[in-house]
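Coordinates in review
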Amino acid sequence: MPLIDTYPPGTFCWAELGTSDASAATRFYTALFGWSAEGRPTGSVAVYTVLHSLGRSVAALYRRDAGPHGPPHWLSYIAVTSAGAAAERARGLGGAVLMEPFDVLDVGRMAMVQDPSGAVVALWEARCHAGAGVSGEPNSICWHELLTTDPARAQAFYGGLFDWDTHAPQPGVERTLFSAAGAPRGGMAAIAPAWGVVQPHWLVHIGVRDCDGATALAQSLGGTVRKPPADADGVGRRAVLADPEGAVFAVATPLPAARPVAG
């Protein structure tokens, strides 16, 4: 079991759900993944609910109004040495800083940036909280994939921001992999016209032992299926789902030899 206490810069370290109904979302995700929930009162939101698996934090959720940041959705966090420096670098690469760097109590410092195609990601400068305490295991975050309308600009943006390299995993596969120092960081795929209107975003993947079973359970709990379970590029089996409030996420069962890591 990969227990994690620190994250190198440029690795995904956390994910949180901003939702219109935190109580309903807590019931849905704890039933689906067997997570336990710990509500933590904060000064910025009524309650910040940390979700745990195997005694370690895996993600969080909180209630928020739709406002300028859109409907309920998952937000991916990437570790950086300095949130301020990374935000300025993002701006210089053609991105937008949606939320200037600020302190999150004593746990860390964050900023929120938008890439040139519109996908949003958080930058996390850790202090007391490095990120998820377990990842890459069943019922924890296992992968993050960018869905974008402009792969070329996204490649330049994220490569410049995090020093990521890009390559195709195998001939004939349209999906691109981001990596650094030979280790996978995340994936990228172009939004197909057949999908209709899809806002560019980072899709959070949660590992499960049985993708088809998890999909059926999600439906029984009030979730919906956006893409049914299917084998994905020889790396495992994946389904894209939405929770009852409409936040989209993926469940994935990686092949043992191709298990991705959250970082």
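This text gives an overview of the structure that appears in the document. None of the values given here were measured: they were computed from a predicted structure.

Scoring rules and cut-offs
Residues numbered from 1 in each chain as written. Predicted model: local features only at pLDDT ≥ 70, side-chain atom pairs only at ≥ 80, totals over all residues. Heavy atoms only, no water. Helix = DSSP H or I, 4+ residues; strand = E, 2+ residues; numbered from the N terminus. Buried < 20%, exposed > 50% of the residue type's maximum accessible area, 1.4 Å probe, protein only. Contact = heavy atoms within 4.5 Å. Areas by Shrake-Rupley, 256 points an atom, 1.4 Å probe, with all protein chains shown as cover. Expected span 1.5 Å × (residues − 1). Pairing = 2+ DSSP bridges. Salt bridge = Lys/Arg side-chain N within 4 Å of Asp/Glu carboxyl O. Phe/Tyr/Trp six-rings, centres within 6.5 Å; stacked < 30°, edge-to-face > 60°.

**Re the overall build of the protein**
Assigned secondary structure in the protein consists of four helices and 16 strands. Here the protein holds 263 residues, and the buried ones make up 51% of them. Sequence separation of at least 24 residues holds for 60% of the intrachain contacts in the protein that already meet a minimum separation of 6. Approximately 11500 Å² of the protein is accessible, and the part contributed by carbon and sulfur atoms is 55%.

**Considering helix α1 (residues 22–33)**
An α-helix turns once every 3.6 residues. As a result, residues three or four positions apart point the same way. Between its first and last C-alpha, α1 extends 16 Å over 12 residues, near the 16 Å set by a 1.5 Å rise per residue. Taken as a whole, α1 has its buried residues at A22, A24, A25, T26, F28, Y29, L32 and F33. Once α1 finishes, G34 follows within two positions and takes phi at roughly 70 degrees, a positive value.

**Focus on the pairing of strand β4 (residues 56–63)**
For β4, a buried count of six out of eight residues is recorded, marking the element as mostly surrounded by other parts of the structure. Two strands pair when backbone bridges link them, and strand β1 (residues 12–19) and β4 are joined in this way by four bridges, in the parallel orientation. Paired with T19 across the strands is R63, a residue of β4. Hairpin connection of strand β3 (residues 47–53) to β4: two residues between the antiparallel strands, including L54 at a positive phi of 55 degrees.

**Quick look at the pattern of salt bridges**
Applying the stated criterion across every chain yields a total of 10 salt bridges. A salt bridge links D103 to R127; the nearest nitrogen and oxygen atoms lie 3.0 Å apart. Of this pair, D103 sits in strand β6 (residues 96–104) while R127 sits in the loop between β8 (120–126) and β9 (141–148), and the two are 24 residues apart along the sequence. Residue class for R127 comes out partly exposed when judged on its relative accessible area of 44%.

**What to know about the packing of aromatic side chains**
Following the criterion strictly, the structure yields 21 aromatic pairs and no others. Pairing Y158 with F162 gives two aromatic rings, centres 6.4 Å apart and planes at 15 degrees, and the pair type is stacked. A residue pair is termed a helical-turn pair when its members lie 3 or 4 positions apart in one helix, as Y158 and F162 do in helix α3 (residues 151–162) at four residues. Residues Y158 and F162 agree in their burial class; the two are buried. Three or more aromatic residues joined by ring pairs make a cluster, and in this case those are F12, F157, Y158, F162, W164, F178 and W202.

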